[in-house]
Structure formats: structure tokens, C-alpha cells
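Chain by chain, the residues run as shown.
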Amino acid sequence: MASPAQQLPPGWAAEWDANNQRYLFIETATGRTQWEPPAPQGYDENAPSATPPPAHHGKRRQYAAGQTQAYYGGGESSLDPGYLAGTAAQPGGAQLFTPGLVGENQFATQQTQAGAAAGQAPYYAPAEPEYINAPTYGQQPAAPYGQPVDNLSNQFASMGIAGQKQFQLYTANLLTSPPDPRELQHPPPEIRLPPNSCISPSPTANADPSYQRSTLNAIPTTSSLLTKSKLPLALILTPYRSLKEGDEPVPVITDTVIARCRRCRTYINPYVQFIDGGNRWRCCMCNMTNEVPQLFDWDQVRNQPGDRWARAEMNNSVVEFVAPTEYMVRPPQPAVYIFLIDVSNPAVQSGMVATATRTIKENLDRIPDEDGRTKVAIVCFDVSLYFFSLPQGTTESSMLVVSDIDDVFLPKPNDLLVNLAEARESLEILLDKIGTMFQDNSIIGSALGPALQAGFKLMSPIGGKIMVLSSSLPSAGAGALKNREDPKALGTSKESGLLQAAVPFYKTFAIECSRAQVSVDMFLFSATYQDVATLACLPHYTSGQTYYYPAFNAGRAEDAIKFAHEFGEVLAMPIMLEAVMRVRASRGLRMSSFHGNFFVRSTDLLAMPAVPQDQSYAIEIQIEENINTPFVVFQTAVLHTTCYGERRIRVVTQALPTTSNLSEVFASADQVAIATFFANKAVERSLTHKLEDSRDYIQKSLVDILLAYKTSMTSGGAGASAQLAISENLKMLPVLVLGLLKNVGVRQSAQIPPDIRAYAQALLTSLPSQLLIPYLYPNFYSLHNMPAEAGTIGEQGVILPPSLPLTSERLERHGLYLIEDGQTMFLWVGRDSVPQLVMDVFELPSYDTLRGGKTTLRVLGNPFSERVNAIIQKIREMRRGPYYPHLYIVKEDGEPPLRLWALSALIQDRADVLPSYQQFVSTLKEKVNGASGGGY
């Protein structure tokens, strides 16, 4: 973007004033200075306009859009028109809409005139759309009912006079704009930094949203402005994001020259300023002046002077420094894995033990062990503990039984925890033997607590990962639990008690683990109540993850494949060991609360013994004092040991502009980040209060946002209105909130088992946005009439059909549909499906011979079958994370529970006591109008 100096009239110069943080304009001939941008030559403020000036309020100035465009050529939209579906440039006759100043009738008239002038239908009588009111790709969008609020500032910005291009705010009417699922694929609102804020022209100088995204991409300068908007201010972090094909790896800085601010300890980044001939740099967080390290400009590889502008930390928002010794309390630890395998009767009978041991054996090569230091131990348990000694120099192993579970001890000081590479052969033999060793075990009962204590004793001198595979409720020794499942409590105020830990053991043990750098992953398989809520405490506080396979039965190939795939991916995942994370922000901003799987060690230091890939965290931010800088910076630093034995610091930097303009705050809001934050808040609220409070809190938060927008940004002001207005970039937020309210983790229902609900809540607080959004708003595809290219290979791999809105109105009786939320897939078969379709996909003669339920779809020798299978495969592979969704065939007139489960994913429909999207929006409108005084 051009700087003001390049856009000024002849005879003027612009100079940045650091004290006032704005440009000073100097008339070179006379030396006269002024703060206001000089008008271009030929511009007469009092020149008569082609249209009468609109009515305006005392001190606020308005310009007709055409008048300013004539001088500034402001036809360029500030946001991608495809993104906001904005209007074309207004012709000379259209007026600028100023919020809160125009009477409602005048606003409606203005809309009609604008639409008519552009040759378009007015917003309240749109032409018949091809796709639920939205223009098809490539078409010019019709005028939405809200006009750009910031035309004037935008036109100044296109000259470069205002310093940075402003956001345009477009208003959408939720009553006439049904949700368009394609909008969830759009990137967040653009981050528009002032000129010269970044010292690098690199496109990677600001954080990619998959690493870090903010709920607002323009930060309010005051706490009162944030409060007025009612929008939450929070960061959504996934600092250890996995790399998919085509992703750039994180640059690694190996010279151990780490420049940090002396006062606030910020790492040098593309938003600092070099001063004093490049010998010093000014911190972008606290303005402290720091010395540039001596070796900063030295290329240690070539042993010659280097180019500082080519350094990775000057050009990239996400970098990894190799840490020198002062960042280490002890030498980097090796990766250590301890497997605690339940071998009680239910675990053996379900096939879990055989599947788990086979999966570990098959993935021994994938366990991270580049430096040959990785250690492994296997401990089995029922109501006793079974240790396995693997002495060096022999492939024989011996089993040592410890029956005293009240005072757990290690039966041998060594040979229980062995080097993976050295003991590889004996480990394979042992894994083959475990299945047969316990195949006739008739013991029912689980000493999970003592097994955890044993694993902790083995691992605590080093730290690492305990992987628990358990098939029953812990019943013996420390941490024993009782079956507290109470069907009468479901759907009542007592239900939230079932989602809290039943005993303190697992939380206190988790904190001990965190202190010793031990992380726990839980793989739970029970066919009956297992108290997932209590057991999930361990992963929650030790930065692990919970995986749940209800009623697991390896006799069903689908169950075995899903678990083996997910367990294998977790084993192969590179992990960050002994990690601590801290988020720093510019002066005036404070991290106020933290959501996710970790333990808060001090006010803002998050302890994470082993960070898995693709785990998400949400951090709320408070504006403590007024911000007077043109932009602010957030920096996340994770000090960790790689699983290859190297101490590193991963730094993620994000710069965001500041604004004192409420319309910019709304226009910059990121609906995906807000929905991710709400999911975390909903779970927190359900545990600290009640499930009902959680739902009320989320719904009230949405009503508050809509009310704030209506009051401040629309002509209706505080009065009742026939519309339900929201900015175009937040149009999908109500349906995402409805998806959250209908999600199993939060939904109002007396039918959801506590284990299922607790697992859903664990997912809501740990899934990154890429996985969470389909979990709240599933994808719905029509397969029987999909475009010819769907299911074939394109530039980005397999092409998916277009997503449909989540309503059963789209289900045709002869159709084949796919509904998926990232965890489960449903293949819906209409009752009037033609025999040829059933034959092509399922190799069966007719619909009547088809059976519903969990299935593996085989690729048959016809193009349609290949395309359907390609789509299913693409969905299983396209997202980050280890999850492998099950596929269920659902017949339209098949088993009611399965049918209702699939239909519950169509969240825009009414279900049970839960409203349809239309009813939900109508309720929102009543609440907004009721709260603003006088019902409509």
C-alpha cells in the first residue's frame, strides 16, 4: 500500500511523529505544518454536489459517496467482494449511510434508491437465487441491505492519507439471509496494519490463522469500546500444528543468537524497529531500546558477515530457535513411552488387548527415535500389576507380578524401562506373547490408579508419556470409582455433577505428573459406564488427550481399524517434551484466563509435559489501560525439548491494528475464532455452574452482540426493528452458536449418557478450529446428483461436492447423501433409491436388501463407486489430527436410533425440544427487540 508521502499533492511532505503516533504534514515552500491531510489540488470542499447533501447531525460530517469517489476513485472495496458479498461502487445518486442518524424510513428509501440505481432488486424482494439467497461463484453479488459504513475513511485510505486502509462494514439481515456453508471456508477478515509497521515485505511476517487467530482483527483502543461491542477478545492458539502436504515447515534458527527485549523478554520479530544506525532495536511491545547482539549480522555457517534482513526471525511470524544451555534446567530428556494395558476379562474379550499390542508392534518403527535414546516400558494390569523385565543381551522377557496395590513398588530397579532400539527384538516377542498370556484371564476389575502410580515411579526421574488403555471402571486401589450413572439426573440441574471429577485422586495425581514432566493419554473402551469425566482430568491437566471408543469390539473390523489407525497416529506423532508456554502482549493488554489441556503454573506460565500436535488453546484477553499505539503485538513462546533431544523455543508472533471505531471492531470480527472461544466457555461454564447456565450464557452472549450491533450500527438504534442485523462477516455466528447449543457436549436432553457428553466436552476444548467447526456445523453433501468433477482428482487432490445447508428439506427420497462432522460419517440412503444406485455403491440388488449400521464401503468396479469412496477417503485425510471417523449406512426407514442420530447433525431442523434455525433467529430477534425497549 502506498505511504502518505507518495499520495500527497505537489509541495507537501509527510513525516511520522513517533510521540503522537501519526503523520505530520509539511508544506515545503513555507515550512507550515499541520496534522490534517492536505486536500488534493482542485478539491473544493464547498463545491456543489450532484445530489443534495443528506441530513446530518451537528458536528458529524457526511459526504455523498459519489462526490468523494469522483475525486478519490474509491471504487476499490476494502474487503474481497467475494468474501463479504459486498455492493458494487455506488453511483453518484446513492447516499452514504451513517449509523444511528437516519430515520428508518429514510434508510429503507435509500436502500430502494441504491438498488434501483444499480439496476438491482431492493434487498427485501431479491431475485430468485440459484443457491439459498447467495450469489453463485463468479456472479456479481446483489446489494445487501447494509451499505458500507466507512466510505469516507476508505476513500482517504485509498490515497494513503489515512495511514491505513479501513474496514468496510456491510450489514446482513439474518431473517432473509439463510446460512451458506461455503462462507465457513473463507479466510478470517484481513489484518490491515499501518504502513511501515513491519520491517519485512514477507507474506509470512504475520501469523497464519492455523497457528494463531484472534477473535478481533482490529483491537479496540479502550476497554469501554470493547465492552460496547459485546464481542469477546481472545486468542485461539495451535502452536504445534502438524504439517500437511504443501505446508511450509517452520524455519529453524540454529546459530543460538537469540535477541530478546531486556525488559519484557519479547523475542525479536518483524515488528521491531532498528535505530541508531542499526546497532539498537526498539521493542514493539514495551518500546524498550535494546542492543543488537554482536553475532546477529554474522553468518556462522559460512563464517562471514551475514544479511540481517534475510534472517528467518525477521521475515517469519512462526520460527523455532535452537536454545543455548541457559534455557535448560537439565540436559534435554529422551522421549519415554509407558504403555499401561488393561488385561482384565472385558478388555481381553473385546479384542482390545490383541488390537493394542499388534498396533504397538506394527508402529515401533514410527515411534520418534532419531537419536536412538527413546525408552519404552509395558505394564499390564487387572486387580494386580504385571511388569515385564527385558534384560539386555537376551530376547527373553520375564513377568513380575505385584499384588500389593495399596503400596505400589517397582519389583526391579532396572530392565523395566528399556531402550527402544536396543530391546527391539525382545519387545516384539513380548507384544506377540501378551495376547496369549492373558487370553483366559477371568478377573474382572481394574487397578488403574495403582498402575498409574507404577508408571509414574518408572518415569518420574525423566518424564515422558503414559498411554493408558482401559476397558472398565477403576475398581481397586487408589482412584477406585463407583458407578454413579443416574438416568434420573439426566436433563436436570444435577447432571452437571456427573461431568465433574468424582474423586480428587486424578486431579492431584495429574499435578504431580505435571511437576515431573509426565503427560497422560487415555484410550477408553468400556461397553458400560466408565466415568470419562473423572478419567479425562488426567489428560486435561497434563496436556494429553482422551480418546473414547464406546462398546469397542475388535470382532467388528471397523472398530479395530479406527482404533488401530488413531493409536498408530498418536504413537508416530512427534511431541514437544517438558514444555512451558507463555503469551506476551503489548502494553495495556493482559492474558486474563486460559482454556485447554495444561496446568497453569504461575499467573501466565502454562506447564505442558508433552504437547501433542494439533491441540488447541483459547486465551481471554483484557484491555487494562488505553492503547495509544497504531498496532499491537501478541507473541506466544513455547520452550520445549523435541523428541529428538534438542531444546528449542517455538515463537509465534501476530500483529493486529488498533481502532477507536466501533464499526471497524465489528467488521474485523472472526466468526470462526469466536465460535471456538464460545465452545471453550460453554464447557467451562457447564462445570463451574450447570449445563443450563452454560447454554443461557452462550445464547445471552450472542443476543448481546446482536443488540450492540443494532443499537450502534443500524438506523433502528435502540427501538424495535423488523430486521435482525449483524455484520456480513458474522453472518454464520448464529448458526455456529446453534450448532454448539445442539452439540452433544452442551445439548439439552435427558437421553445423553454422561460418558458420551464428557467426551464431547473434551473434544470441544481441545480441537483446533479446522476440526471444531465441522463438529459444530457438519458438512452435508448430495452424492447422487453431484457435479461431474466431484470425486475426481483436481489440483488440490480429490474434489468435494458443494456443501448443502443442514436441513432435511434437502433430502430427496431417491437420493444418496453424506453427512460428516469430523468424528462420524453418515451415508444416508433414501427409501426410493433406484436399484442401479444401490448396486453401484453397495453391490446389492435393491434398497430392501441393504442393512444399516457401521460399515466399510468397498471400492467396486464402476466410476460412481470410485468417486464416492474417493470423497470418503478425502474427508478422512484432509484435516489435521489423528481422528478416523466411522462410516454408518443410514436407511431412511431404518433403525430409529441411528436415523435420529444422523438427523441430529442437520442442525437447522427442529429436533426434540431444540429449535430450528428459523425459530432460533426469531427468538433472537424477540430478545434483541425486547431488550432494546418495546417488543416488535
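Fair warning: this is a prediction, and the values are worked out from it, not measured in the lab. (Residues numbered from 1 in each chain as written. Predicted model: local features only at pLDDT ≥ 70, side-chain atom pairs only at ≥ 80, totals over all residues. Heavy atoms only, no water.)

1. So, the overall build of the chain
Threshold: Helix numbering and strand numbering both begin at the N terminus, where a helix is a DSSP run of H or I of at least 4 residues and a strand a DSSP run of E of at least 2. Exposed residues in this analysis have more than 50% of their type's maximum accessible area, buried residues have under 20%, and partly exposed residues fall in between, with area computed by a 1.4 Å probe over protein chains only. For this analysis, residues touch if any pair of their heavy atoms sits within 4.5 Å. For accessible areas, the Shrake-Rupley method is used with a probe of radius 1.4 Å. Any residue's cover is judged against the shown protein chains and nothing else.
Along the chain, the regular secondary structure elements total 25 helices and 37 strands. Split into buried and exposed, the 936 residues of the chain put 59% on the buried side. Of the contacts formed within the chain by residues at least 6 apart in sequence, a portion of 74% connects residues at least 24 apart. Summed over all atoms, the accessible surface of the chain reaches about 37500 Å², with 50% contributed by carbon and sulfur.

2. Some remarks on the sheet that holds strand β31 (residues 779-782)
Stated precisely, the cut-off is as follows: Strands pair, by our definition, only if DSSP identifies at least two bridges between them. Throughout, an axis means a line fitted to C-alpha atoms (over the contacting stretch in the case of helices), and angles, computed between N-to-C directions, take values from 0 to 180 degrees.
Ordered in space as β31-β34-β35-β37-β36, the five strands form an open sheet in which the pairing is mixed. The open sheet has two free edges, formed respectively by β31 and β36 (853-855), since each of these has just one partner strand. When the angles between neighbouring strand axes are averaged without regard to direction, this sheet yields 25°. Judged from the three bridges that link them, β36 and strand β37 (residues 886-891) form a sheet pairing that is antiparallel.

3. Points about the environment of leucine 605
As for its position among the elements, leucine 605 is in the loop between β25 (599-600) and β26 (606-611). With 22 residues separating them along the chain, leucine 605 and valine 583 place their C-alpha atoms 8.2 Å apart. Apart from the residues within four sequence positions on either side, leucine 605 is in contact with Val580, Met581, Arg582, Phe599 and Val600.

4. Looking at the side chain of serine 197
The line we're drawing: Here a polar contact is recorded for every N or O atom pair within 3.5 Å, except that within protein the pair must consist of a potential hydrogen donor and a potential acceptor, and residues adjacent in sequence are included only if both atoms are side-chain atoms.
Considering the arrangement of structural elements, one finds serine 197 in the loop between β4 (171-173) and β5 (212-214). A distance of 2.7 Å separates a polar atom in the side chain of serine 197 from the backbone oxygen of proline 194.

5. With respect to the sheet that holds strand β3 (residues 33-34)
Think of a sheet as strands paired side by side through backbone hydrogen bonds, with each pair either parallel or antiparallel. An order of β1-β2-β3 is seen for the three strands of this open sheet, with the pairing classed as antiparallel. Of all strands in the sheet, those bounded by a partner on one side alone are β1 (12-17) and β3. Pairing geometry for β1 and strand β2 (residues 22-27), over six bridges, is antiparallel. Across the sheet, residue tryptophan 12 finds its bridge partner in β2, namely glutamate 27.

6. Let's talk about the nonpolar core
Heads up, the rule is: We call a set of buried Ala, Val, Leu, Ile, Met, Phe, Trp, Tyr and Cys residues a nonpolar core when their side-chain atoms join them within 4.5 Å.
Core analysis: the largest hydrophobic core is formed by 196 residues, its most contacted members being Phe339, Ile378, Leu452, Phe567, Phe634 and Phe666. When residues no more than four places from it in sequence are discounted, the contact partners of phenylalanine 339 are Ile360, Ile367, Val376, Ala377, Ile378, Val379, Met467, Phe567 and Leu571. Membership of the second largest hydrophobic core comes to 23 residues, among which are Leu818, Met825, Leu827 and Phe864.

7. Concerning the packing of helix α17 (residues 671-688) against helix α18 (residues 691-713)
Counted only if it meets this: The handedness criterion is simple: a crossing whose near helix is rotated anticlockwise from the far helix by less than a right angle is left-handed, and one whose near helix is rotated clockwise is right-handed.
Remark: α17 packs on α18, axes separated minimally by 7 Å, with the N-to-C direction vectors making an angle of 145°. Viewed along their axes, α17 and α18 form a crossing whose handedness is right-handed. Seen from α17, the contacting residues are Phe678, Lys681, Ala682, Arg685 and Ser686; seen from α18, they are Leu691, Asp693, Ser694, Tyr697, Ile698, Ser701 and Ile705.

8. Points about the state of the cysteines
We apply this condition: Two cysteine sulfur atoms make up a disulfide if the distance between them is within 2.5 Å.
The full count for this structure, using the stated rule, is zero disulfides. You can see cysteine 286 has no disulfide; the closest cysteine sulfur is in cysteine 261, sitting 3.5 Å from it. The class of cysteine 286 is buried, set by a relative accessible area of 8%.

9. A closer look at the pattern of salt bridges
A side chain of one charge can pair with a side chain of the opposite charge if their charged atoms are brought near each other. Inclusion rule: A side-chain nitrogen of Lys or Arg and a carboxyl oxygen of Asp or Glu constitute a salt bridge if their distance falls within 4 Å.
In this structure the tally under the stated criterion is 36 salt bridges. Lysine 412 is the partner of aspartate 415 in a salt bridge, and the nearest nitrogen-oxygen pair spans 3.3 Å. With relative accessibility at 23%, the residue lysine 412 sits in the partly exposed group. The salt bridge partner of glutamate 566 is lysine 562, with a shortest N-O separation of 2.8 Å.

10. Re the packing of aromatic side chains
Heads up, the condition is: Whether two aromatic rings pair depends on their centres lying within 6.5 Å, for rings of Phe, Tyr and Trp, where Trp uses its six-membered ring; planes under 30 degrees apart make the pair stacked, over 60 edge-to-face, and the rest tilted. Criterion for a charge above a ring: Lys NZ or Arg CZ within 6 Å of the ring centre, and within 35 degrees of the ring normal.
Within the structure shown, the criterion is met by 27 aromatic pairs. Members of the aromatic cluster, connected to one another through ring pairs, are Phe339, Phe523, Phe525, Tyr547, Tyr549, Phe552, Phe563, Phe567 and Tyr883. The ring centre of phenylalanine 296 lies 4.4 Å from the NZ or CZ of arginine 311, which sits over that ring. Over the ring of tyrosine 847 we find lysine 891, and its NZ or CZ is 4.5 Å from the ring centre.

11. Observations regarding unusual backbone geometry
At glutamate 578, a position not held by glycine, the phi torsion is positive, near 30°. In this structure, glutamate 578 sits in strand β23 (residues 576-585). You can call glutamate 578 buried: its relative accessible area is 8%. A positive phi angle, near 60°, is found at aspartate 614, a position not held by glycine. Here aspartate 614 is to be found in the loop between β26 and β27 (617-623).

12. Here's the deal with the side chain of aspartate 342
Stated precisely, the cut-off is as follows: Think of it this way: Lys and Arg go in the positive column, Asp and Glu in the negative one, and His and the chain ends go nowhere.
Examined against the element boundaries, aspartate 342 turns out to sit in strand β15 (residues 336-342). At 17 Å, arginine 556 is the nearest oppositely charged side chain to aspartate 342, a buried residue that forms no salt bridge. There is a polar contact of 2.8 Å between the side chain of aspartate 342 and the backbone nitrogen of serine 471.

13. So, helix α21 (residues 769-776)
Summarising burial for α21: seven of the eight residues are buried, a large majority. When α21 is considered as a whole, its buried residues turn out to be Ser769, Leu771, Leu772, Ile773, Pro774, Tyr775 and Leu776.

14. Quick notes on the environment of histidine 186
Residue position: histidine 186 is located in the loop between β4 and β5. On a C-alpha basis, the gap between histidine 186 and valine 672 in space is 9.8 Å, while along the polypeptide they are 486 residues apart.

15. Side note on the confidence of the model for the chain
Defined as follows: One confidence number per residue, pLDDT, is output by the predictor and ranges from 0 to 100.
When pLDDT is averaged across the chain, the result is 80; 83% of the residues are at 70 or more. This stretch, residues 41-162, has a pLDDT under 50; its non-local contacts, to residues over four places away or in other chains, come to 210 contacts.

16. Structural notes on the packing of helix α9 (residues 352-362) against helix α15 (residues 557-572)
Convention followed: Any angle that is under 35 degrees is reported as roughly parallel, and any over 145 degrees as roughly antiparallel; angles of 65 to 115 degrees are reported as roughly perpendicular and all others as oblique. In this count, Pro and Cys sit with the nonpolar residues alongside Ala, Val, Leu, Ile, Met, Phe, Trp and Tyr, while Asp, Glu, Lys and Arg are called charged and the others, Gly among them, polar.
For the pair α9 and α15, the least separation of the axes is 10 Å and the interaxial angle reads 40°. Put simply, α9 runs oblique to α15. Crossing geometry of α9 relative to α15 is assigned as right-handed. Taking contact as the criterion, the partners of Met352, Thr355, Ala356, Thr359 and Ile360 in α9 are, on α15, Ala560, Phe563, Ala564, Phe567, Gly568 and Leu571. Partitioning the contact of α9 with α15 into residue classes produces eight nonpolar, three polar and no charged.

17. Digging into the environment of aspartate 432
Mapped onto the secondary structure, aspartate 432 falls in helix α10 (residues 424-437). For aspartate 432, a relative accessible area of 47% corresponds to the partly exposed category. Separated by 78 residues in sequence, aspartate 432 and alanine 354 have C-alpha atoms that sit 8.7 Å apart.

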